[in-house]
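Fold and geometry: a report
One-letter residues, chain by chain:
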Number of protein chains: 4
Amino acid sequence: MRKALLDAKGVLAIPLTPFRESDESIDYGVLEKEIEFINRSDVKGICTPMISSEFMTLSESEREEMIRVPFRLAREDYIKVANVAACNINTALRYLEAGEKAGADAVISTPPYCGDLDANGISHYFGAIAEHTSLPVVIQNVGLPNTAQTPAQLLRLCESYPNIRWVKEEVVPPPLSIERLNSLRTDALEGIMSGYGGFYNLMDFANGAVGTIQACEFSDVTQRIWDLMYQGNERAARELHYLTLPMVQMELLYGPAFAKDMLVRRGIFKNRITRNKRAEISRAAVREFDRIWDLMEPLIENEGSAVRPAGREAMSAHRVAPRSAGKELYDAEGTF
Amino acid sequence: MRKALLDAKGVLAIPLTPFRESDESIDYGVLEKEIEFINRSDVKGICTPMISSEFMTLSESEREEMIRVPFRLAREDYIKVANVAACNINTALRYLEAGEKAGADAVISTPPYCGDLDANGISHYFGAIAEHTSLPVVIQNVGLPNTAQTPAQLLRLCESYPNIRWVKEEVVPPPLSIERLNSLRTDALEGIMSGYGGFYNLMDFANGAVGTIQACEFSDVTQRIWDLMYQGNERAARELHYLTLPMVQMELLYGPAFAKDMLVRRGIFKNRITRNKRAEISRAAVREFDRIWDLMEPLIENEGSAVRPAGREAMSAHRVAPRSAGKELYDAEGTF
Amino acid sequence: MRKALLDAKGVLAIPLTPFRESDESIDYGVLEKEIEFINRSDVKGICTPMISSEFMTLSESEREEMIRVPFRLAREDYIKVANVAACNINTALRYLEAGEKAGADAVISTPPYCGDLDANGISHYFGAIAEHTSLPVVIQNVGLPNTAQTPAQLLRLCESYPNIRWVKEEVVPPPLSIERLNSLRTDALEGIMSGYGGFYNLMDFANGAVGTIQACEFSDVTQRIWDLMYQGNERAARELHYLTLPMVQMELLYGPAFAKDMLVRRGIFKNRITRNKRAEISRAAVREFDRIWDLMEPLIENEGSAVRPAGREAMSAHRVAPRSAGKELYDAEGTF
Amino acid sequence: MRKALLDAKGVLAIPLTPFRESDESIDYGVLEKEIEFINRSDVKGICTPMISSEFMTLSESEREEMIRVPFRLAREDYIKVANVAACNINTALRYLEAGEKAGADAVISTPPYCGDLDANGISHYFGAIAEHTSLPVVIQNVGLPNTAQTPAQLLRLCESYPNIRWVKEEVVPPPLSIERLNSLRTDALEGIMSGYGGFYNLMDFANGAVGTIQACEFSDVTQRIWDLMYQGNERAARELHYLTLPMVQMELLYGPAFAKDMLVRRGIFKNRITRNKRAEISRAAVREFDRIWDLMEPLIENEGSAVRPAGREAMSAHRVAPRSAGKELYDAEGTF
């Protein structure tokens, strides 16, 4: 039975895409462990493959696998959202079909994310998706070149197609964009989801977001923040949210490489390899990651015994950039 | 036998991708006519599928077809360059294989054109392509976000891999970018190709470009400009080049929709449908296209009897935007 | 008596700001010659100081002088428009006062062009200008960061203040922006002016522009194009317009440095020095300027005997970049 | 006696520019209170007027006053840095003279921040400043269009002029830019300062920054973070730094309006009026500011009795945006 997006009161977790070091192919063994990890995280659902999954760097068949495999392994009670974003309508419809077959409860898409496009093209694209499915469609509104939509444009799409009725709003600065969209919304917009790593959980909730869609490495913690907000316990929500800010800062700086690093420490991933973005993580950055881990580890609850956090040691054998020419500030104990 | 890029003394023509009105699928019948048209244009070769071919909006199988079909149909003496640009290495290698099987003389690629990337990722990407082929590799340097390379970065790639030795340089402003690259070039850079619709043919040639890669709708005319330049007849080259400027202006404003419109008038295409960019062409713009056609038609030579220009009438039944609210400046005869 | 912008049927000429080589101060002797030159050009008026005047690099007192001096010297029958654009309201009002005292017929302004701003700030800014003057206000709509206005925003300003009723529209691509604004215009918008060096004179006119505001180096020629269009002689207008395209191409590539180079050849300026943009003009570019001059010189009419074109020789003693490392393509006669 | 930038081990505080509600003129009475507040903050010095001071919206005379007044009132032992950034050299030299007369220990500048410029123009500009003073020159490297400099360009300027030897590095993402610059630095670069509101204090210090230049509203707290880092007490520094992150988040979202709001609560400012950026602060945002204040107030130490924090009530009579259409999430007690 189709599950409702209105019940996504917290986190839809995004799986990172695990790559093998040898040939950058997807490591399905690790992916399986990752979905099991998301299952244990007690979030509201799964949304895949998204920017944090490096979806733009996946081939078409990889795109489909990153829908099929996670949906097959995910908990039955999880809401499942398939990302069908493509650069042409026919490919989007192919992903839509894959999503529907795999049991999607909803689909999400940005406007066509490469090549020229215009407002008419965006309408045409979302219209084609909407007309080919009965699933609810979520517009992901991000600041890719030429694709950021104004609230008026978003609402026009919602008014035009009955099943286009959600927006994942993260045009920078995200909380102001959500506030603006929320203040202008009509009944045609059923709900708003936030993103941006959960950097603004409290403001997002205050501005009307139902939940947030984020990379999974600490989505168990973020879900607790949203639970507390829904319980009306702002103080506790705020305290927990504030504790996560240094972590989200690093995710926003280092992207999937950071998220994968944390998943290595949590015992899920084997490496932090990403496609196309390959700058070495500096020694100083790794030290910073260590400290983020020290900060986050105590916040982890309910971790089953089978997969206990591997912690700081897990990264010890990991490739580290050569010592920079700058002065070395940390001694062996990690103090200045 | 492999043909040398150094012989591309003029135009490598880019086929536009013809789409069916019904479902936006590729119209292979029209594509066949288009390649025959390019064969008659007496240019130096073919380069496919490029930005003018809307390559970013093609599916992976369409990408391969847009290499295979044109290469199979193109004149034997034409130099054949396959665009292998992709957003991940493995897909680029797949296009590379398709290109090699289809008889490519060289391959071309931008850096990965969507998703995050960094300088290390760009090196890694071009390195992988270079190592998987013995064909010469052309770096296409355009101003996509994060991907524009400095001359130093381009030359470093050329120095690092023996078969990376060409650059198609069109970072805005293109003639200044070509001039700069040319002034800093080393022996590792065998040649430079220009682009940008041939808007700067004379400057490109003066700044060391061997030829230009451009959409095919008037590449027969552009080839004559380059022939004249190579013959040392600057005056005649310049005169012909200047006559084409109003046409290139329109191509830069309207992109593939303009090029396809001209190909309808030349009797090759059936429509000017493009993917994702779908703003109506206004009545005033169509009138402008008419005048461009009046300007270009007399420049067309050697057109075989089988495919005579269809001219202005060819577009007459074409969908035109509703009359704008602005005052109507043209009377029925197309004068003010 | 105040002259009406509706009579600006052709060119409002922008004076370039002449700088002394010694200390980059304004050379008022040259400025005087330049205004006399504009007076002889038989255009419709003068608009100063604009982007072509490098207004953003002028000090506040220089800004005022670049209004006062040109207005004092300009022909009485010329329409005079003062640019009051500033980064805060109080400074804009100071320029407004200078403009009014100097006899402005209208004022023009972009939104505040540096520092943070938002839509409310833009309204507040134009509102303050409108309320402090009875002169018509022209909104200059260009693509500076955060400042490009949609037609809806422009029209809202026009509806809100009775004397805000003109737009100089040049958001890229300019002819499409003008077309769009014209198609949506209401009675609150009295007129549209184009710009962009006159690159799209014919389309601008067709899309409803009353005239164009452009750097003065060949505005005598451009005025003739507009005269022909207003006389209904499209063919002749188009021919003359097309002849100017190679020149406008260079202006768009090299900006005020090109315009000043041409003014040296016309016997008005002593050098082509610009502030802040100081890359050497290459030997190849100077050769290209020579050819543009060869192309434009025959189009110049009515040039008084006192100031005859100085021509190619005028630039001969001029500083030229050292010979580039690239191969030398032109021989002494300027052929390949 | 001139004070050394190497002693700026912590914060150089930036005064916000207080504007009168009536006419947006500078309120010098408030400015005097603000400098006294900075004096009590026990930071290392003062840097004025910077982006947080809305310097780009100040007139030339206001620019000079925002150097003279703060320098005259600032503690004698404070390091004083004058911002001389301008859009032309002569105006920069005028600010330089004002700074020197007012007792500056160093000057800072971005490249010319409006109008066209190129690499030669940037060298020419900094060269002119360097040659007209014996003061150390700090290059502010931010991501204004066309102005972000690579480490190589920055170091070339440092190598070329003996007194250009500091960089305030905040090209996004700032900590990675500082790390990169630090790893490539030569002896010609004496020191690096960070900025960006102190969002990355720990990473900045680890990457070699001597101190940070930030808006003053909580620079007393930030100075304590740097003191702890210099004392080698990373744990305490990190704890205090983390406590400030929610506050810096708001400063990055709302800019000077937020900083001024906090200064109202600290009893210094009378309003949060900014120039050009005038969107209403929503009711929800003000509630968020309240909570930031609740978080920061306990961190304030050593506040003299004369100026005690005015707190949340100080803003109560303040203009608030009309209630949004969105659902009201907070009840009267400020819980959800």
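Residues numbered from 1 in each chain as written. Chains lettered and ligands numbered in written order. Predicted model: local features only at pLDDT ≥ 70, side-chain atom pairs only at ≥ 80, totals over all residues. Heavy atoms only, no water.

This brings us to the overall build of chain A. Scanning chain A for helices and strands turns up 11 helices and 8 strands. The C-alpha atoms of chain A give 20 Å as radius of gyration, which agrees with the globular expectation for 336 residues (20 Å, within 12%). If you line up chain A on its principal axes, its C-alpha atoms span 60 × 45 × 40 Å. A total of 336 residues make up chain A; the buried ones form 65% of that total. Across chain A, every contact between residues at least 6 apart in sequence was considered, and the portion connecting residues at least 24 apart equals 74%. When the 38 basic and 47 acidic side-chain charges of chain A are each reduced to a single mean position, those positions are 2 Å apart. (Helix = DSSP H or I, 4+ residues; strand = E, 2+ residues; numbered from the N terminus. Rg over C-alpha atoms; globule rule 2.2 N^0.38 Å. Buried < 20%, exposed > 50% of the residue type's maximum accessible area, 1.4 Å probe, protein only. Contact = heavy atoms within 4.5 Å. Lys, Arg positive; Asp, Glu negative; His and termini not counted. Charge placed at Lys NZ, Arg CZ, Asp CG, Glu CD.)

One can describe the packing of helix 9 (residues 234–254) of chain B onto helix 11 (residues 283–296) of chain C by two numbers: an axis separation of 13 Å at closest approach and a directional angle of 70°. Between helix 9 of chain B and helix 11 of chain C, the angle is such that the two are roughly perpendicular. Each of E234(B), R238(B) and Y242(B) in helix 9 of chain B lies in contact with helix 11 of chain C, whose residues at this interface are E288(C), R291(C), I292(C) and L295(C). Tallied by class, the residues present in the contact of helix 9 of chain B with helix 11 of chain C amount to 3 nonpolar, no polar and 4 charged. (Axes fitted to C-alpha atoms, helices over the stretch in contact; angles between N-to-C directions. Parallel < 35°, antiparallel > 145°, perpendicular 65-115°, else oblique. Nonpolar A, V, L, I, M, F, W, Y, C, P; charged D, E, K, R; others polar.)

Here the focus is the relation of the copies chain C and chain D. The two copies are related by a screw motion: chain C maps onto chain D through a turn of 180° and a shift of 0.0 Å along the axis, at an RMSD of 0.0 Å. On the angle and the small slide along the axis, the relation comes out as a two-fold axis. The residues that chain C uses at the interface reappear at the interface of chain D in 100% of cases, marking a shared surface. (Least-squares fit on C-alpha atoms with pLDDT ≥ 70 in both.)

Residues and elements named next belong to chain A. Listed in full, the buried residues belonging to helix 5 (residues 151–160) are P151, L154, L155, L157 and C158. The buried residues of helix 5 occupy one face: seen down the axis, they fall within an arc of 155°. Its buried side turned inward, helix 5 meets helix 4 (119–131), strand 5 (137–141), strand 6 (164–169) and helix 6 (174–184). (Arc of directions from axis to C-beta.)

Let's shift gears to the interface of chain C and chain D. With 29 residues of chain C in contact, the opposing surface of chain D contributes 29 residues. Connecting chain C to chain D are 2 salt bridges. Measuring nitrogen to oxygen at the nearest pair gives 3.5 Å for the salt bridge that ties K277(D) to D116(C). Put simply, the parts of the chain that give the side of chain C that touches chain D at least two residues each are helix 3 (89–101) and helix 4 (119–131) of chain C. Among the residues forming the side of chain C that touches chain D, the class breakdown is 10 nonpolar, 10 polar and 9 charged. (Salt bridge = Lys/Arg side-chain N within 4 Å of Asp/Glu carboxyl O.)

Next up on the list: the nonpolar core. Generally speaking, soluble globular proteins have nonpolar side chains that are buried together. Formed by 132 residues in total, the largest nonpolar core has its most connected members in I38(A), I164(A), I38(B), Y113(B) and I164(B). Counting residues in each nonpolar core, the second largest holds 130 residues, with I67(C), I89(C), C114(C) and V84(D) among its members. (Core = buried A, V, L, I, M, F, W, Y, C linked by side-chain atoms within 4.5 Å.)

To continue, consider the sheet that holds strand 2 (residues 45–48) of chain A. Residue and element names in this part refer to chain A. With parallel pairing, 8 strands are arranged side by side around a closed barrel as 1-2-3-4-5-6-7-8. Taken over all neighbouring pairs, the strand axes of this sheet differ in orientation by 25° on average, direction set aside. One ladder, built from 4 bridges, connects strand 2 with strand 3 (residues 79–83); its direction is parallel. Looking at strand 3, one finds that G45 is bridged to I79. (Pairing = 2+ DSSP bridges.)

The next subject is the pairing of strand 7 (residues 191–194) of chain B. On a regular strand, each side chain points to the face opposite its neighbour's, so the side chains alternate between the two faces of the sheet. Residues and elements named next belong to chain B. Residues G191 and M193 of strand 7 are buried on one face, and the alternating residues I192 and S194, pointing to the opposite face, are buried as well. Judged from the 3 bridges that link them, strand 6 (residues 164–169) and strand 7 form a sheet pairing that is parallel. What sits directly across from V167, in strand 7, is I192. Since strand 6 and strand 7 lie parallel, the crossover through helix 6 (residues 174–184) that links them has a hand, and here it is right-handed. As judged from the 3 bridges shared by strand 7 and strand 8 (residues 209–215), these two strands associate in the parallel manner. Directly across from I192, in strand 8, lies its bridge partner A209. (Right-handed = clockwise from strand over helix to strand, strands pointing away.)

For the structure on display, the rule yields 96 salt bridges over all chains. A salt bridge links D220(A) to R266(A); the shortest N-O distance between them is 2.7 Å. Residue D220(A) is found in helix 8 (residues 219–230), and its partner R266(A) is found in the loop between helix 10 (256–265) and helix 11 (283–296); the two are separated by 46 residues along the sequence. Assigned by exposure class, D220(A) and R266(A) land together as buried. With its nearest N and O atoms 2.8 Å apart, the salt bridge here joins E234(B) to R238(B). Separated by 4 residues within a single helix, E234(B) and R238(B) lie in helix 9, roughly one turn from each other. For the pair E234(B) and R238(B), a shared accessibility class is recorded, and that class is buried. Bridged by salt links that share partners, the residues E60(A), E64(A), E65(A), R68(A) and R94(A) form one connected network.

This next bit is on the sheet that holds strand 4 (residues 106–109) of chain C. All names here are of chain C. One closed barrel holds the 8 strands; their spatial order is 1-2-3-4-5-6-7-8, and the pairing between them is parallel. The mean inter-strand angle of the sheet, taken between neighbouring strand axes irrespective of direction, is 25°. Alignment of strand 1 (residues 11–14) against strand 2 (residues 45–48), held across 2 bridges, turns out to be parallel. Each bridged residue has a counterpart across the sheet, and for L12 the counterpart in strand 2 is G45.

Attention shifts here to the environment of V137(D). Residues and elements named next belong to chain D. Structurally, the position occupied by V137 is in strand 5 (residues 137–141). Given a relative accessible area of 1%, V137 falls into the buried group. Placed 93 residues apart in sequence, V137 and K44 show a C-alpha to C-alpha distance of 18 Å. For V137, the residues in contact, after removing those within four places along its chain, are V107, F126, I129, A130, N163, I164, R165 and W166.

Here we take up the confidence of the model for chain A. Residue and element names in this part refer to chain A. A residue-level look at chain A finds 90% of positions with pLDDT of 70 or above and a mean pLDDT of 91. Considering only residues more than four positions removed or in separate chains, one finds that residues 317–336, a stretch of pLDDT under 50, has 49 contacts. Complex prediction metrics read pTM 0.93 and ipTM 0.91. (pLDDT = per-residue confidence, 0-100.)

Residue and element names in this part refer to chain B. Examined against the element boundaries, L228 turns out to sit in helix 8 (residues 219–230). On the basis of relative accessible area, L228 is assigned to the buried category, the value being 18%. Once the C-alpha coordinates of L228 and L240 are considered, the two residues, 12 residues apart in sequence, prove to be 9.3 Å apart. Not counting residues up to four positions away in its chain, the partners in contact with L228 are N233, A236, A237 and L240.

A few words now on helix 11 of chain A. Its 14 residues give helix 11 of chain A an end-to-end C-alpha distance of 20 Å, which sits within 8% of 20 Å, the value for a rise of 1.5 Å per residue. Burial of helix 11 of chain A is extensive: 10 of the 14 residues sit out of reach of the surface. Along its buried surface, helix 11 of chain A packs onto helix 8, helix 9 (234–254) and helix 10 of chain A together with helix 6 (174–184), helix 7 (201–206) and helix 9 (234–254) of chain D. (Expected span 1.5 Å × (residues − 1).)

Right, let's get into the packing of aromatic side chains. The tally for this structure, following the rule as stated, stands at 38 aromatic pairs over all chains. Between F205(B) and Y230(B), the ring centres sit 5.0 Å apart and the planes meet at 80°, which makes this aromatic pair edge-to-face. Taken together, the residues F205(B) in helix 7 (residues 201–206) and Y230(B) in helix 8 connect sequence positions 25 residues apart. Ring centres of Y254(D) and F289(D) lie 5.2 Å apart, and the angle between their planes is 85°; on these two criteria the pair is classed as edge-to-face. Placement of the pair is Y254(D) in helix 9 and F289(D) in helix 11 (residues 283–296), with a sequence separation of 35 residues. Of the two residues, Y254(D) and F289(D), both sit in the buried class. An aromatic cluster is present here, built from Y196(A), F199(A), Y200(A), Y196(D), F199(D) and Y200(D) joined pairwise through their rings. We note R63(C) situated over the ring of Y95(C); from NZ or CZ to the ring centre the distance is 4.1 Å. (Phe/Tyr/Trp six-rings, centres within 6.5 Å; stacked < 30°, edge-to-face > 60°. Lys NZ or Arg CZ within 6 Å of the ring centre and 35° of its normal.)

On to the side chain of N271(D), then. All names here are of chain D. For N271, the position within the fold is in the loop between helix 10 (256–265) and helix 11. Classification of N271 by relative accessible area gives buried; the value is 8%. A distance of 3.0 Å separates a polar side-chain atom of N271 from the backbone oxygen of F19. A distance of 2.9 Å separates the side chain of N271 from the backbone nitrogen of I273, its partner in a polar contact. (Polar contact = N/O pair within 3.5 Å; in protein donor to acceptor, adjacent residues only side chain to side chain.)

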